[in-house]
Amino acid sequence: MEIKIRQSGHVHILEITGEMDFYSAFRLREVVQKIVAGNIPYLVIDLAEVPCVDSSAVGTLVSVHAELEKRGRSLQITGVRGSVKKALELTRLMASLPIAGSIDEAVERMRTESTESTEATSPPPGGP
Amino acid sequence: MSEKNPVIELPVKITLTSEGIEWFIKHKRQLQRLRMADGSLEYGIPLANITAASLQKMINIDYIAAVELARTEFTGKRRQIIDLTKLIVYRILYKKFEHETFRAFLDSPLIQRWNRRYPSRIIDVHSSFNQAYVENLLMSVAPQLPLVSQDIQEPVLLGVRGDRSLSEEEKQILYFLSDRYMISIRNIMWCVLVKSRGQREYNTIIRQLQGLLTEYLARGRIAEYLALMLNELLTFTETSHYLETARRLYPERRVRIQDLRNGEMRSAIRRHMQEHRDLLYLSYQVSGKGPSIGTENRLRIAVFNRTGEHNAIKQRIEDKVDRKLPGRALADFYREALTWEVSPELGLNYLSYLQEECGKLGVSLDSKVTQILSRELTAVNLTLQF
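Because the structure is predicted, anything quoted here is derived from the model rather than measured. (Residues numbered from 1 in each chain as written. Chains lettered and ligands numbered in written order. Predicted model: local features only at pLDDT ≥ 70, side-chain atom pairs only at ≥ 80, totals over all residues.)

Focus on the sheet that holds strand E8 (residues 298-305) of chain B
Residues and elements named next belong to chain B. Heads up, the condition is: Strands qualify as paired when DSSP identifies two bridges or more between them. Under the DSSP-based scheme used, a helix requires at least four consecutive residues in state H or I and a strand at least two consecutive residues in state E, with every element numbered from the N terminus. For helices, the fitted line uses only the C-alpha atoms of the stretch in contact; every axis is such a line through C-alpha atoms, and the angle between N-to-C directions lies from 0 to 180 degrees.
Pairing in this open sheet of 8 strands is antiparallel, and the strands run E3-E4-E2-E6-E7-E8-E10-E9 from one edge to the other. Looking at strand neighbours, the two that pair on one side only are strand E3 (32-35) and strand E9 (364-372), the edges of this open sheet. Direction aside, the axes of adjacent strands within the sheet are offset by 30 degrees on average. Note: strand E7 (residues 280-286) against E8, 6 bridges, orientation antiparallel. Residue tyrosine 281 lies in a different strand from E8, and its bridge partner there is phenylalanine 304.

Considerations on the interface of chain A and chain B
Going by this rule: Two residues qualify as a contact pair if the distance between their C-beta atoms, derived from the backbone, is within 7 Å. Gly falls in the polar group here, along with every residue not listed as nonpolar (Ala, Val, Leu, Ile, Met, Phe, Trp, Tyr, Cys, Pro) or charged (Asp, Glu, Lys, Arg).
Each partner contributes residues to the interface: chain A has 24 residues there, and chain B has 26 residues. Every element with two or more residues in the side of chain A that touches chain B is listed here: helix H2 (55-70) and helix H3 (82-90) of chain A. When its residues are assigned to classes, the side of chain A that touches chain B shows 10 nonpolar, 8 polar and 6 charged.

Here we look at the confidence of the model for chain B
All names here are of chain B. We count it as follows: For every residue, the predictor states its confidence as a pLDDT score lying anywhere from 0 to 100.
In the predicted model, chain B carries a mean pLDDT of 88, and 90% of its residues have values of at least 70. When mean pLDDT is taken per element in chain B, helix H6 (residues 145-161) scores highest with 97 and helix H12 (residues 330-336) scores lowest with 64. The complex model carries a pTM of 0.88, and its ipTM stands at 0.84.

Quick word on the nonpolar core
Residues and elements named next belong to chain B. Heads up, the rule is: Defined on buried residues, the nonpolar core groups Ala, Val, Leu, Ile, Met, Phe, Trp, Tyr and Cys residues joined through C-beta atoms within 7 Å. We call a residue exposed when 12 or fewer other C-beta atoms sit within 10 Å of its C-beta, buried when the count reaches 20 or more, and partly exposed for counts in between; the C-beta positions come from the backbone.
Membership of the largest hydrophobic core comes to 118 residues, with the highest contact counts inside it found for Ile64, Ile88, Val89, Leu226, Met229 and Leu354. Here this core takes 17 residues from helix H9 (residues 200-249), the largest share from any one element. Apart from residues no more than four positions distant in its own chain, isoleucine 64 is found in contact with Ile14, Leu16, Thr17, Gly20, Met58, Ile59 and Val286. Membership of the second largest hydrophobic core comes to 5 residues, among which are Ala246, Val255, Leu260 and Ile269.

Side note on the environment of Gly211(B)
Residues and elements named next belong to chain B. Relative to the helices and strands, glycine 211 resides in helix H9. By the C-beta count within 10 Å, which is 12 here, glycine 211 ends up exposed. Between the alpha carbons of glycine 211 and glutamate 100 there is a distance of 11 Å; along the sequence they are 111 residues apart.

Examining the environment of Arg271(B)
All names here are of chain B. Along the chain, arginine 271 turns up in helix H10 (residues 263-275). Among the residues examined, arginine 271 registers 12 C-beta atoms within 10 Å and is labelled exposed. Spatially, the C-alpha atoms of arginine 271 and threonine 72 are 8.7 Å apart, while their sequence positions differ by 199 residues.

Section: the pairing of E8(B)
All names here are of chain B. Taken across its 8 residues, E8 has 6 buried, putting it largely inside the fold. Of the pairings in the sheet, the one linking E8 to strand E10 (residues 377-385) comprises 8 bridges and is antiparallel in character. Note on E10: the bridge partner recorded for asparagine 305 is threonine 378.

Section: the sheet that holds strand E3 (residues 42-49) of chain A
Residue and element names in this part refer to chain A. Reading across from one edge, E1-E2-E3-E4 is the order of the 4 strands in this open sheet, with mixed pairing throughout. For this open sheet the edge positions go to strand E1 (2-8) and strand E4 (74-78), each flanked by a neighbour on one side alone. Averaged over all adjacent pairs, the angle separating strand axes in this sheet is 20 degrees, with direction ignored. Examined bridge by bridge, strand E2 (residues 11-17) and E3 share 6 bridges and lie parallel to one another. Each bridged residue has a counterpart across the sheet, and for threonine 17 the counterpart in E3 is glutamate 49.

Structural notes on the packing of helix H5 (residues 131-140) of chain B against helix H8 (residues 187-196) of chain B
Describing two packed helices takes the angle between their axes plus the distance from one axis to the other. Residues and elements named next belong to chain B. Threshold: Each angle receives one of four descriptions, namely roughly parallel if under 35 degrees, roughly antiparallel if over 145, roughly perpendicular if within 65 to 115, and oblique otherwise. For any pair of crossing helices, the crossing counts as left-handed if the nearer helix is rotated counterclockwise from the farther one by less than a right angle, and right-handed if it is rotated clockwise.
One can describe the packing of H5 onto H8 by two numbers: an axis separation of 9 Å at closest approach and a directional angle of 40 degrees. Judged by the inter-axis angle, H5 sits oblique to H8. H8 is crossed by H5, and the crossing has left-handed handedness. Contact residues: Val134, Glu135, Leu137 and Leu138 in H5; Asn187, Ile188, Trp190 and Cys191 in H8. Its residues assigned to classes, the contact of H5 with H8 shows 6 nonpolar, 1 polar and 1 charged.

Quick look at unusual backbone geometry
Look at Arg92(A): it is not a glycine, yet its phi comes out positive at around 60 degrees. On the secondary structure map, Arg92(A) appears in the loop between H3 and helix H4 (103-121). According to the C-beta neighbour criterion, Arg92(A) is partly exposed, with 16 such atoms within 10 Å. Notably, Arg277(B) is not glycine yet its phi reads approximately 50 degrees, a positive angle. Mapped onto the secondary structure, Arg277(B) falls in the loop between H10 and E7.

Here it is in structure tokens:
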């Protein structure tokens, strides 16, 4: 399994290639932990080049999501198709994980989220 | 998807049914006596890889008794295991669809009316049809065949097209499967259906065929889920076995399951296993035309592992099967766990999910852990009755 990191605006995208399993999935968690330490607010995990995942990989996605949520960071998972989608369906995780149809859609969602949170923290017009 | 992958790059042993052996001998093809995981000697052929089409064809004509793989590890081969499992399951489903559609056809008002009208030429389960005659008849009605096929498929595929939970890729797979099911319908049925198109009885049987097609398209999910379950079983048995071997190889270290992520340690374990011919086995027993009742449309899968922990494995598997999980997601188990450290054992929960899915789709699934004392092997067996 390989993990490549690229950036689109202030969104970090982790592109994973290869089978994600008990022997390799922990590396994703390590990378995410480093990213979290680096104060990066928006993260996309792209699984488009992952042919299959085992339960350890599924568990890693769940734990990464929980950890980011706890720290107030935003996560989107993309490229969920074929056997990967079937694994999430079988374990009834499709609805519990933040899954987007494409990287573009994920980035757009995060852009909207970022705008909304900026607006929410800005003083109302006409205020003191 | 398996059907798009014509060659599966996995060395396998294929054992043959008596029909298969007869064909091989008649065509002067060389057969070997193969030692199987359970210690039995069977006639068959070892292959370096499998062509999807030839495997399905051989299962269809009941030449294959079993397909067996022996490896030191299955990691890195999950895609191929998924493809192989789906190929075998789909072939069983196509075959069962053929039988069910023919049974529906025999019970239909169309055939009942024919049988009343022509008592000397009754069509029933014992009828044999002159193949050349049926083929000629089929040729003569060939232009109308797409119309009948459309009558059966259209409303079903319309439902697929409109299902927003399916991706475009999944829809394409279902269209493909639907075509494959159509190919399974017997020629004599096509001939009669074309000739009776437009009659009231025709609409009745078409509706029945649509129902069967919908049911069998849904059953395709079992192939996907079974393949996932199998990979979990393989990972579980592989890591359990690796852990035992590592503890023997490194008695001075307190080896934990997480240590198996160390590539060097795994290479040493693999070398040790190769030297001692200590392998993990995966076997698919495909039912043939055997004389015993209830073996048709049955698939038995076994994962064999040389382990001293037979009872522990048996207990873990039985626990997971007994653990009823309706409506629970795997995430619940992670939340219940005290740490986020994931263990391959968690994948055994898939058994419970698979059992639930099988139940919904009218497929029975039985799991059992057995021991082959003479070979010091523990076998985890899954039996599916489609």
